[in-house]
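Single-letter residue listing:
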Amino acid sequence: MDIRYFVSGSCSTIGTAFCMQPLDVIKTFYLYQHEVSTISGCVKHINKNFGLKGFWKGYSASFARSVVGGGFTFFWYETIRNYIGSGDKGVKSFFTDSMSSMLGRTMAITIQCPLSVIKVKLENPIEKSSNTMASIAKDIYRTEGLRGYYVGLLPNILRDVPYTALAVPFYQQYVNLFETFGYSKTNDWVNFVAGGLGGGTACLITQPFDVIKTRAMSGYDFGGKSYRGIVTGMKYIYKNEGLKGFSKGLSIRLSERSLGQALIWTFYTKVKRLLNAE
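Fair warning: this is a prediction, and the values are worked out from it, not measured in the lab.

Colleague: Outline the overall build of the chain, listing residues and values.
Modeller: Regarding its fold elements, the chain presents nine helices and zero strands. Moving toward the C terminus, one meets the helices and strands of the chain in the order α-α-α-α-α-α-α-α-α. Here the chain has a C-alpha radius of gyration of 19 Å; the compact-globule value for 278 residues is 19 Å, and the two agree. By sequence separation, contacts in the chain at least 24 residues apart represent 78% of the contacts at least 6 residues apart. With the model as given, the accessible surface of the chain reaches about 13100 Å², and the carbon-plus-sulfur share is 64%. Each charge class in the chain can be summarised by its mean position, and for the 32 positive and 18 negative side chains these summaries are 5 Å apart.

This is how it looks when you write it as C-alpha cells:
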C-alpha cells in the first residue's frame, strides 16, 4: 500500500474541486427550486444575491471531501488494481480498471457521505450565507440524527460507482487509443482529453441518479415529504416532470463531469510523476 496514491488523489481532487465549484453551486440551485427555470437565470440569481463569492459557497466542505474522497478513491483504486494486475490492453484491462475503481469508489463514498450532505446544503443559495460546516452538521444531527448524514447514500452510490466504473476504464482506453497513434500517456493533453471523453461518456449513463441524489441531499420537498428512498424519489419526479425531469441539469453536469475528469487525470498523473509513484 503506497500512501503516495492517497496524496496524489487528494491533491488532484482539491485543485479540480476549486475549479468546478461554481458549476456545482449552479447545478444544486437549478435542481432544488422551480422558480428559476433556466441555467442562465440561476447564474444571474446567484450573482445578484451573493456576488462572485456565491459561486464558491460550500467550498470548505468540498475541500474536506476532496481530501478524504479523492485520496481514498485513488488509493484503493491503485492498490486493488496492482493486486489484481492490470492485464493486457483490451477487455481484461477494461474489466480490471472497472472493478478496481468501483470497489475503491464505494468505500470512499461511504466514508465521505456526511461531508457530501453538508457540502450540498452549503452550496444551496437558499441556505443562509452565515451557515458553516459545523452549524449545518449540528442542525442535521438535531433534526435527523445520525441517519441524516447518510441521506441520499444509495442514489449517490448508484450514480457514482457505475459512473466511476465507466469513467476510469474509458479514460484508460482513450489513453491506449492515443498511444496507438504515437502519443505518450505522460503527455498532459492526452490525459486531459482522455479524461474528458471518459467522464462525458459515463455522465450520460448515470444522469438520473444524480438528479435524485442532489435533491435528496439538499432537502428537496418531494410532494410535502422529505426524501423516503430512491424508488419514491423516482416515482415523484416521473409523475410531476416526466422523463424530462431525469435529464434536468444534464448540460451543466456534462460540462462539469467532462471538465472535472479532464482536470483530475491531468493533475493526478502530474502529481504521481512528481512523487515518483508511477
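After that view of the structure, there is still more to cover.
Colleague: Outline the packing of aromatic side chains, supporting the account with residue identities and numerical values.
Modeller: The final tally for this structure, using the stated rule, is 14 aromatic pairs. Aromatic pair Phe18 and Tyr59: ring centres 5.5 Å apart, planes at 80°, arrangement edge-to-face. Here Phe18, found in helix H1 (residues 3-32), pairs with Tyr59, found in helix H3 (residues 59-84); they are 41 residues apart in sequence, far enough to count as distant. With a centroid separation of 5.3 Å and 80° between ring planes, the pair formed by Phe94 and Phe170 is classed as edge-to-face. With Phe94 in helix H4 (residues 91-123) and Phe170 in helix H6 (residues 153-180), the pair connects residues that are 76 residues apart, well separated along the chain. The class for Phe94 is partly exposed, based on a relative accessible area of 24%. Of the residues examined, Phe170 reaches a relative accessible area of 24% and is grouped as partly exposed. Ring pairs connect the aromatic residues Phe18, Trp56, Tyr59 and Phe63, which therefore count as one cluster. Here the basic side chain of Lys248 rests over the ring of Tyr30, its NZ or CZ set 5.0 Å away from the ring centre. One Lys or Arg, Arg257, reaches over the ring of Tyr163 and ends 4.3 Å from the middle of that ring.

Colleague: How would you explain the side chain of Ser258 if you had to name every residue and give the values?
Modeller: The residue Ser258 is located in helix H9 (residues 250-274) in this model. Dropping the residues within four chain positions of it, Ser258 is found in contact with Gly195, Gly196, Gly199 and Gly200.

Colleague: How would you summarise the pattern of salt bridges if you had to cite specific residues and measurements?
Modeller: Applying the stated criterion across every chain, the model contains eleven salt bridges. In this structure, the salt-bridge partner of Lys27 is Asp24, at a minimum N-O distance of 3.8 Å. Remark: Asp24 and Lys27 occur in helix H1; sequence separation between them is three residues, near one turn of the helix. Assigned by exposure class, Lys27 and Asp24 land together as buried. A salt bridge links Glu78 to Lys272; the shortest N-O distance between them is 3.0 Å. Note that Glu78 is positioned in helix H3 and Lys272 in helix H9, a separation of 194 residues in sequence. There is no split in this pair, since Glu78 and Lys272 are both buried. Connected through shared salt-bridge partners, Asp24, Lys27, Lys119 and Glu256 make up one network.

Colleague: Account for the state of the cysteines, naming residues and giving values.
Modeller: Counted by the stated rule, this structure contains zero disulfides. This cysteine, Cys113, is not joined by any disulfide, and Cys203 carries the nearest cysteine sulfur, 20 Å off.

Colleague: Explain the side chain of Glu256 to me, using residue names and the numbers behind them.
Modeller: Tracing the backbone through its elements, the reader meets Glu256 in helix H9. Aside from chain neighbours lying at most four places away, what touches Glu256 is Met20, Leu23, Asp24 and Lys27.

Calculation notes
- Residues numbered from 1 in each chain as written.
- Predicted model: local features only at pLDDT ≥ 70, side-chain atom pairs only at ≥ 80, totals over all residues.
- Heavy atoms only, no water.
- Helix = DSSP H or I, 4+ residues; strand = E, 2+ residues; numbered from the N terminus.
- Rg over C-alpha atoms; globule rule 2.2 N^0.38 Å.
- Contact = heavy atoms within 4.5 Å.
- Areas by Shrake-Rupley, 256 points an atom, 1.4 Å probe, with all protein chains shown as cover.
- Lys, Arg positive; Asp, Glu negative; His and termini not counted.
- Charge placed at Lys NZ, Arg CZ, Asp CG, Glu CD.
- Phe/Tyr/Trp six-rings, centres within 6.5 Å; stacked < 30°, edge-to-face > 60°.
- Buried < 20%, exposed > 50% of the residue type's maximum accessible area, 1.4 Å probe, protein only.
- Lys NZ or Arg CZ within 6 Å of the ring centre and 35° of its normal.
- Salt bridge = Lys/Arg side-chain N within 4 Å of Asp/Glu carboxyl O.
- Disulfide = S-S within 2.5 Å.

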